[in-house]
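Coordinates in review
The residues making up each chain are set out below.
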Amino acid sequence: GLKRSPLHERSGGQNAVMAMSSAGAVAAGGAVAAAGTAAGVGLFSYNRGNYTMDQKLHFTRYLAGLNMAIAQTKQYRQDISDLANLTVQRMDAYHGLAAMSLTILTAIFCPGRLGLHTPPPPQWLMGLAMVNIAGCYLWLILTMWLGMHASLRADSAATHMLTRFVRLPVPSQHQIDKARKFLSSFEEQPIKEAFRIPFTRHRNKGDEKLNEPEDADETAERRMRHGSDVPAWFCKEKAIDGGAPFESMMPSGAVGSAPEHFEV
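Residues numbered from 1 in each chain as written. Predicted model: local features only at pLDDT ≥ 70, side-chain atom pairs only at ≥ 80, totals over all residues. Heavy atoms only, no water.

**So, the overall build of the protein**
Counting its secondary structure elements, the protein contains seven helices and zero strands. Overall, the protein shows an N-to-C arrangement of helices and strands of α-α-α-α-α-α-α. Counting all 264 residues of the protein, 21% fall into the buried class. Here the protein displays about 19,100 Å² of accessible surface, and carbon together with sulfur accounts for 63% of that area. (Helix = DSSP H or I, 4+ residues; strand = E, 2+ residues; numbered from the N terminus. Buried < 20%, exposed > 50% of the residue type's maximum accessible area, 1.4 Å probe, protein only. Areas by Shrake-Rupley, 256 points an atom, 1.4 Å probe, with all protein chains shown as cover.)

Put into structure tokens, the structure is as follows:
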């Protein structure tokens, strides 16, 4: 057969080396791309999981605060009932005592004289006794009337406050929808939040102090997320709500300088 020249052998070896180098570069590029894709998917899943957990805790916190507000309002309603019952029970006691006194005075007044089994007293003494008994009638009737009026007025005032002012803060559909988040709202987050590397700081615009710790030492403060180092959805929510975590449960016309319990 024909023998190949050294030049042909050298060029063939170079082609083989170039082919191997190209294959290695392609393999390395594929490995880098696969590693980058895996890292991106991992970061996306990590931040999406954080967002999901944050929204679950956010809604749970809303329900917990709402349940405490309802329990507090129930306590206020019970306080109003107890305060009204103090007057109602006292006036009912006065009414009963006045009625018994009227019964006793009637038993004394009806015979027209004192001492049925003894000689009657002088007429001037009987006149004074009858005038005093008649005066007691007037005062006892006035006591019964004022007692009934005070009892009914206290009961009516308690009913008015319980039905007009101190109502259970049951949330409306709008409030529940406002506290709820769709998982697809994660797509509204900035790209840097969706692919944030764990244990790194959040980078939000603005100098507003958010989630600032109270009475925390320096070591604990360094471990907390506060200032601009908070998630983007937290900043957006604070901007929309104006920093108010809950709407006031008091009627608009009853808000003043006194505590909520005493506004009514």
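**Quick look at the packing of aromatic side chains**
Taken as a whole and judged by the stated rule, the model has five aromatic pairs. Centre to centre, the rings of Phe44 and Phe186 are 5.4 Å apart; their planes meet at 70°, and the pair counts as edge-to-face. With Phe44 in helix 1 (residues 6-109) and Phe186 in the loop between helix 3 (173-179) and helix 4 (191-194), this residue pair connects regions lying 142 residues apart in the sequence. When its relative accessible area of 34% is taken as the criterion, Phe44 is described as partly exposed. Here Phe109 and Tyr137 contribute two aromatic rings whose centre-to-centre distance is 6.0 Å and whose plane-to-plane angle is 75°, an arrangement assigned as edge-to-face. (Phe/Tyr/Trp six-rings, centres within 6.5 Å; stacked < 30°, edge-to-face > 60°.)

**Section: the environment of Leu138**
Tracing the sequence through the fold places Leu138 in helix 2 (residues 123-164). Classification of Leu138 as exposed rests on a relative accessible area of 61%. It is 9.8 Å that separates the C-alpha atoms of Leu138 and Leu102, two residues lying 36 residues apart in sequence.

**Considering a nonpolar patch on the surface**
Together, Trp139, Leu142, Trp145, Leu146 and Met148 make up a nonpolar patch on the protein surface, roughly 570 Å² of accessible area in all. Its location among the elements puts Met148 in helix 2. When its relative accessible area of 40% is taken as the criterion, Met148 is described as partly exposed. (Patch = residues over 30% accessible without salt bridge, like charges linked within 9 Å, V, L, I, M, F, W, Y side chains within 5 Å. Salt bridge = Lys/Arg side-chain N within 4 Å of Asp/Glu carboxyl O.)

**Regarding the side chain of Ser185**
Relative to the helices and strands, Ser185 is located in the loop between helix 3 and helix 4. A distance of 2.4 Å separates the side chain of Ser185 from the backbone oxygen of Phe182, its partner in a polar contact. (Polar contact = N/O pair within 3.5 Å; in protein donor to acceptor, adjacent residues only side chain to side chain.)

**Considerations on the confidence of the model for the protein**
Of the residues in the protein, 67% have a pLDDT of 70 or more, and the chain-wide mean is 76. Per-element mean pLDDT across the protein ranges from 45 in helix 7 (residues 260-263) up to 90 in helix 2. Throughout residues 258-264 the model reports pLDDT below 50, and contacts reaching past four residues in sequence, or to other chains, amount to 14 contacts. (pLDDT = per-residue confidence, 0-100. Contact = heavy atoms within 4.5 Å.)

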